[in-house]
Amino acid sequence: MSRPNLAGTPQRRWRRIVMGATLGAGAACAALGAGGAAAAGNCSAGTTMNIVAHPDDDLLFLSPDVLRDVRAGVCERTVFLTAGDDGQNDVYWKGREVGIMAAYANMAGVASTWSTTDAGVGQGVTIKTLVGRPQVSLIFLRLPDGVNGDGTPAYGNQSLRQLNQGTLAQITSIDGARSFTSASLTSTLTGLMSRFRPGLVRGQDHVGAVAGDHPDHFAAAQFTRRAHAAYSAPHWLEAFMDNPTLGFPANVGGSDLSGKTAAFNAYLRYDRMPCGISVNCAGTQYEAWLARRYTVASESAGVTDLSAGRPAAASSSIAGHGPGLAVDADPATYWQSSAANGQWLRVDLGGLRMIGGVAFRQDAAYAATYRIETSLEGIFWLAADSGSAVGPGLQQAAFGARPARFVRIVGVSRGTAAGFSLSDVVVTAPVAATRVAPVAGAGPDQTVARGAAVTLDGSGSLDPEGRTLSYRWTQVAGPAVRLSRATAMRPTFTAPAANAALAFQLVVNDGTTSSTASTVNVTVGPVNLALNRPASASSIEIPGIGLAAANANDGVLTTRWSSGYAATEWWQVDLGANRTFDTVDVTWEDAFASGYSIQVSNNGTAFTTVATVTGAPGLIRTTVPAVTGRYVRILCTQRGTPYSYSIREVSVSRS
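This write-up is about the structure you can find in this document. Since this is a predicted model, take the numbers as computed values, not measurements.

**Considering the state of the cysteines**
Consideration 1: Going through the model one piece at a time under the given rule, you end up with two disulfides.
Consideration 2: Numbered by order of appearance in the sequence, the disulfide-linked cysteines of the chain pair as 1-2, 3-4.

Structure (structure tokens):
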């Protein structure tokens, strides 16, 4: 049965598969219309998980829903399955990650500063949390971009489509950090859902509703749907149309469009491919995608529908579309009102019931603003929730458990010239709250000097539901040391007087549930005098996308400095004062210097060469007689490849 043919809107059957019903108030459900940001780390406004193929799919196709959630203080967890690398090197895909973080910070209205903790699902999967708005977090799995579905030679021609179809047994992330079979990728996504307990999961088009979509989009949506089916907590899955929205009328405007565009522009500072260096998308498909948002399917799991088949009434109906068609569990039938504001649909639950939530699917004739009301006897009505919609699709309302016999959905204002059209209405009982285990973060590994004062740092630990954490540190390896306060967030100890390898585990507790242990390793021995000291360079290959000089002494091997393309380039570090050292380690990226010099200076102007080195990709250790200086320079004089010079890490130490 076709939907109403509105002026400028193509006829379309909006598909829905009902597996259960929507959520009660006790579950972490995304309540539309919630005002203001929740307190730091507090998920009382609900939890939503978005799972997409590429960084920017969420900005283009799942928003302004994502934008509205972030603004309302909903806990927003977004998972990116692929790196979106397009077969290019890490300069490009790392830039996309930095850009997507900037976009979420823009939506939240805070600085793009993020902490990193273990996500608690194995495979070394980590979660980045926005420091100024800890309700927002991102997970990057960095699987290869499938491009046309067959992958690219740069990453072994791997793709999600092949994994989904069973022609590829295993896929490995482009940074080599993790590998997944089809089953383990699904279980990882289910594990993330179980960890963060979303009441709403947003994914891409898993039904293939319109031809012409990207193969990664469809494959990502298939994995999302399998994971949702295995996720036992009550929740909804909503599927969004991707590239094919270009064939439908624009339906995003006002503050939704301006906010969506601002977030995308923040992303484009780090990805110049879509709209060029000047970030001008006018007249492109990106401008058109930003002005559109369409859903293609939704389904629920794990809850009980109190309204299925119950008597329904309405303020008005057009011929052949009576109110009972909204509660018949048939997605092909629907109720539609006359063309006026204030029209309503009422469901009689048959007696007093404890209820906690309502979900309803709006069709092409949708309410731009709505109100949910409940009544004991059908005479006096109490407002339970209110909200707004940007277009057709699933709407959810969760509220405190309350007794009611009657539930009424009021279309306060119309989004089109027609009335209101609902294909499904689901009323649910309250769902008992489920405690979610916190996640411990013991901080990065450290290298410290013999006899040094050492501080362990558990500040990266996270409770998804915003509860206060307690801390318990335990030493699990190395010569025994005495922790100052083993139950503090940041305990201290004195390092042994001899070289040693120590390890400590942190477990956090939210008052009821303990986390799995997180481990930090502390190496006692030669100290990297260059670590996080001020660094500079002769040039940077592409400024602003994560290739700065500081990346070569940040203690992280996955970051790097990359130079321009001159034959002679240099990188140097200021040790802060004259220091004595005898060892310089340089870890080169594939773009290495086949010939370079190590130089030292007391003033940063006059340099003396202390070693001439033949380079190669990977770690090159150079030892010299003890030398003293404040500035250490790596002077690159011969390229080992046609590309620029690229250093992942430099260490300066005394053995």
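**Describing helix α7 (residues 254-268)**
Consideration 1: Taking 1.5 Å of rise per residue, the 15 residues of α7 would be expected to cover 21 Å, and the 21 Å separating its terminal C-alpha atoms lies within 8% of that figure.
Consideration 2: Where α7 is concerned, the buried positions are Asp 256, Gly 259, Lys 260, Ala 263, Phe 264, Ala 266, Tyr 267 and Leu 268.

**What to know about the packing of helix α2 (residues 65-72) against helix α3 (residues 90-108)**
Consideration 1: Where α2 meets α3, the axes come as close as 8 Å, and the angle between the chain directions of the two elements is 55°. Comparing the axis directions of α2 and α3 gives the class oblique. The hand of the α2/α3 crossing is right-handed. Along its contact with α2, which presents Val 66, Leu 67, Val 70 and Arg 71, the element α3 presents Tyr 104, Met 107 and Ala 108.
Consideration 2: Here the contact of α2 with α3 is built from residues that sort into six nonpolar, no polar and one charged.

**Side note on the packing of aromatic side chains**
Consideration 1: Counted by the stated rule, this structure contains nine aromatic pairs.
Consideration 2: On the basis of an interplanar angle of 45° and a centroid distance of 5.2 Å, the ring pair of Phe 248 and Tyr 294 is categorised as tilted. Taken together, the residues span a long stretch of sequence, with Phe 248 in the loop between β9 (235-240) and α7 and Tyr 294 in the loop between α8 (285-290) and β10 (295-301) at a distance of 46 residues.
Consideration 3: For Tyr 294, a relative accessible area of 5% translates into the label buried.
Consideration 4: Taken together, Phe 61, Phe 264, Tyr 267, Tyr 286 and Trp 289 form an aromatic cluster joined through their ring pairs.
Consideration 5: Taking the ring centre of Phe 223 as reference, the NZ or CZ of Arg 226 above it sits at 4.9 Å.

**Considerations on the environment of Gly 387**
Consideration 1: Position of Gly 387 relative to the elements: it lies in strand β15 (residues 382-388).
Consideration 2: Using a relative accessible area of 12% as the deciding quantity, one classes Gly 387 as buried.

**A word on the layout of surface pockets**
Consideration 1: Taken as a whole, the second largest pocket encloses approximately 460 Å³ of empty space.
Consideration 2: What lines the second largest pocket is a set of 24 residues, and nearest its centre among them are Asn 89, Asp 90, Arg 560, Glu 589 and Asp 590.
Consideration 3: Grouping the constituent residues of the lining of the second largest pocket by class yields nine nonpolar, six polar and nine charged.

**A word on the pattern of salt bridges**
Consideration 1: Summed over the entire model, instances satisfying the criterion amount to 20 salt bridges.
Consideration 2: The partner of Arg 68 in a salt bridge is Asp 256, with the nearest N and O atoms 2.8 Å apart. One end of the pair, Arg 68, is in helix α2; the other, Asp 256, is in helix α7, with 188 residues separating them in the sequence.
Consideration 3: Several salt bridges converge on common partners, so that one network encompasses Asp 90, Lys 94, Arg 560, Glu 589 and Arg 648.

**Regarding the nonpolar core**
Consideration 1: With 31 residues, the main nonpolar core has Ile 100, Tyr 104, Met 107, Leu 138 and Phe 264 as its most contacted residues.
Consideration 2: Going through the elements one at a time, α1 (57-62), α2, α3, β5 (136-143), α7 and α8 are the ones with two or more residues in this core.
Consideration 3: Among the elements that take part in this core, α3 stands out by supplying seven residues, more than any other.
Consideration 4: Among the nonpolar cores identified, the runner-up in size contains 30 residues, and Val 79, Leu 143, Leu 185 and Phe 196 belong to it.

Definitions and limits used
Residues numbered from 1 in each chain as written. Predicted model: local features only at pLDDT ≥ 70, side-chain atom pairs only at ≥ 80, totals over all residues. Heavy atoms only, no water. Disulfide = S-S within 2.5 Å. Helix = DSSP H or I, 4+ residues; strand = E, 2+ residues; numbered from the N terminus. Expected span 1.5 Å × (residues − 1). Buried < 20%, exposed > 50% of the residue type's maximum accessible area, 1.4 Å probe, protein only. Axes fitted to C-alpha atoms, helices over the stretch in contact; angles between N-to-C directions. Parallel < 35°, antiparallel > 145°, perpendicular 65-115°, else oblique. Left-handed = near helix turned anticlockwise from the far one by under 90°. Contact = heavy atoms within 4.5 Å. Nonpolar A, V, L, I, M, F, W, Y, C, P; charged D, E, K, R; others polar. Phe/Tyr/Trp six-rings, centres within 6.5 Å; stacked < 30°, edge-to-face > 60°. Lys NZ or Arg CZ within 6 Å of the ring centre and 35° of its normal. 1 Å grid on protein atoms, 1.4 Å probe; cavity = no way out; pocket = protein on both sides within 12 Å on 5 of 7 lines; lining within 4 Å. Points joined across faces, edges and corners; volume = space filled by probe spheres on them. Salt bridge = Lys/Arg side-chain N within 4 Å of Asp/Glu carboxyl O. Core = buried A, V, L, I, M, F, W, Y, C linked by side-chain atoms within 4.5 Å.

That's the geometry; what it means functionally is another story.
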